[in-house]
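Next come the chains, spelled out residue by residue.
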Amino acid sequence: MTPPADTPAASTEHPAPAAAVDLAASVPAGTEETPFRRLAVDFAASRLAVLGLVLFAAILFVAIFAPLLSPQNPYDLAQLDVLDSRLEPGARSGDGKHVFWLGTDDQGRDMLSAIFYGIRISLGVGVIATLGALALGMTLGLAAAYFGGRTDSIIMRIADIQLSFPAILIALVLLAVLGQGIDKIIIALLAVQWAYYARTVRSAALVERSKEYIEAATCLALPARRILFRHLMPNCLPPLIVVATVQVAHAIALEATLSFLGLGLPITEPSLGLLIANGFTYLLSGKYWISFFPGVALLLTIVSINLVGDQLRDVLNPRLQR
Amino acid sequence: MQSIVVLFVMSALVFVGVYAIGNPVDILINPQADQEDIERAIKGLGLDKPLWEQYLVFLQRAAAGDLGKSFAFNVPAIQLILERMPATLELATAAMVIAIVLGIPLGLLAGLKPESLGARTIMAGSILGFSLPTFWVGLMLIMVFSVHLGWLPSNGRGPTTDLLGIPVSFLSWAGLRHLVLPATNLALFNLALVIRLTRSGTREAMLQDYVKYARAKGLSDARVIGVHVLKNISIPIVTVTGLQFGALIAFAIVTESIFAWPGMGKLLIDSINVLDRPVIVAYLLIIVTLFIAINLAVDLLYSVLDPRVRLADAKG
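Residues numbered from 1 in each chain as written. Chains lettered and ligands numbered in written order. Predicted model: local features only at pLDDT ≥ 70, side-chain atom pairs only at ≥ 80, totals over all residues.

## Topic: the overall build of chain A
A count of helices and strands for chain A gives 13 helices and 2 strands. When each of the 322 residues of chain A is scored for burial, the buried share is 44%. Intrachain contacts of chain A at a sequence separation of at least 6 include 69% that bridge at least 24 residues. (Helix = DSSP H or I, 4+ residues; strand = E, 2+ residues; numbered from the N terminus. Buried ≥ 20, exposed ≤ 12 C-beta atoms within 10 Å, placed from the backbone. Contact = placed C-beta atoms within 7 Å.)

Below you can see the structure in the form of structure tokens.
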């Protein structure tokens, strides 16, 4: 009924003729070509991106089912034995019951379990902060583009000033001001990131605003809220999705850095960054595993998200459509 | 004008915010001190006055170049930061030099033969440079070069020598050895950035008519690339690396903490941990000023490099 409802589909159905032929060949006969299927086929064109997606899915699985997968609950003090502290990877626990595949830290905690729980916290913080920033940035960016004038210049001026400072500096200041805690770090990440979305969505919305369907909606005298969120927003989503995937990786890296500096999460909720910081002192005496393995987990998380984000950018960018 | 507003807003926000975190008295004063001592200390630190009055006093003093005394060291905050500043600037400059000296040749290589194995390796490396968190790379550098190989020291600045009254590390062998790891660590992100900029600039420039013309004139490859291409791609590189210098100083906070480099970033982290408010506020004001100065310098440099900007300015 309303024209914008099917425009996302329409926008992905303008490929070059060659691509259409290509697709017809790759889609088995009898299955209908949907925008989503197209996206999946395009995405699968890069093997590296698929690898990234599989890796990310595995990490997500670990994050969600950490309590079931971990050999021990790393924060249940009753399960820890100080005699098992700082064991090398592959060593057996004192009572011979289980093997610490990735070694133990200074409190006799199984690193593998600690990493599973750490991924859970890192990923959770990253995703929540990104979604929050997405919602905030999108609303402000849409408002800026739609209303223009003073609203636009105030919002964008704030975003510009903020973007001219490195994210880590702003996050540090906010944490210095707010103090520690999981909620505080989410607020800090949110405040750091909203400006990226606001900018992205504003530039997309400025293009969309001048199109006929918005004019039609305006002529129907629909309320501004409805035009913004039902008509303008869905059509500005593709570039935002790309920015959001990459920003999740940034958020995780930033959170890890802040936790490493001792300003992020409290010790009771150790993310990967805090685990790495814990092992830092032992690194100098050659006990590499306390820092090294959480670092590898962090690395795999960030790289897999970046691989997926890169490919999404290519797939969703109409200018690059082959 | 706008930059002055930014300075004011930052200072007020930070001042109010930092005030709200907690009571530095609990941390700074000996818990065994009696009530009288505590009150005397509170008076001495100016903490008994209402918040707005403290801010006004702070502004008055700031205008006179005095940003308050550090609670922890009892010396002027600004002096404390200025003492640490050369170390940070040296680290950031060294990182910038590494990024440019390595990044431009690698980027040229990748841009001239984009399909070659070498180019692909360089680009894959630059993706890693973007996605690896700085602190993690720092730890790995320490693990490999200090702990396992034992080639380079992992912390501190080493002996410094005075150059025009400023203590620097890079003039002595021991100091240089201390500088290598932190500077490399800090340089990685910018190295990746310079490689990418140079590569895309080179690929674009090689298709331009002036390159074909220079070739047609019979100029050697070295001259075409070294003079004609390099000159044209230098504009975006200068702009971006110039603006990145501020980011380097900010990111030095992380590197300095890992390598125990006695710069102002480490001072900031230490100050946040003991709630040494005047130092935090002074650090931020100094860094905001520094950022504004860097932006200005890049603008000026830009007009020197790009005749189009220079001529447009002269006309308008």
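## Side note on unusual backbone geometry
Although it is not a glycine, Ala221 of chain A sits at a positive phi angle of roughly 60°. One can find Ala221 of chain A in the loop between α10 (212–219) and α11 (224–260). Even without glycine at this site, Ala260 of chain B takes up a positive phi of about 45°. With respect to the helices and strands, Ala260 of chain B occurs in the loop between α10 (221–259) and α11 (264–273).

## Digging into the confidence of the model for chain A
Residue-level pLDDT values for chain A average 75, and 77% of them are 70 or greater. Across residues 1–30 of chain A, confidence stays below pLDDT 50; counting only partners more than four residues off in sequence or on other chains, it has 27 contacts. (pLDDT = per-residue confidence, 0-100.)

## Structural notes on the interface of chain A and chain B
Chain A puts 32 residues into the contact, and the matching count from chain B is 30 residues. For the side of chain A that touches chain B, the secondary-structure elements that each account for two or more residues are α8 (167–178), α11, α12 (272–283) and α13 (289–316) of chain A. Ranked by the residues each element gives to the side of chain A that touches chain B, the list is headed by α13 of chain A, at 7 residues.

## Focus on α13 of chain A
With 28 residues, α13 of chain A extends 40 Å between its outermost C-alpha atoms, agreeing within 8% with the 40 Å of an ideal straight helix rising 1.5 Å per residue. In terms of residue burial, α13 of chain A counts as a mostly covered element, since 21 of its 28 residues are buried. (Expected span 1.5 Å × (residues − 1).)

## Some words on the environment of Ile237 of chain B
Residue and element names in this part refer to chain B. Its place among the elements puts Ile237 in helix α10. Overall, the presence of 20 C-beta atoms within 10 Å leaves Ile237 in the buried class. Each residue touching Ile237, except ones within four places of it in the same chain, is listed here: Val194, Leu197 and Thr198.

## Topic: helix α7 (residues 134–148) of chain B
For α7 of chain B, built from 15 residues, the straight-helix expectation of 21 Å at 1.5 Å per residue is met to within 8% by its first-to-last C-alpha distance of 20 Å. When α7 of chain B is considered as a whole, its buried residues turn out to be Thr134, Phe135, Trp136, Val137, Gly138, Leu139, Leu141 and Ile142 of chain B.

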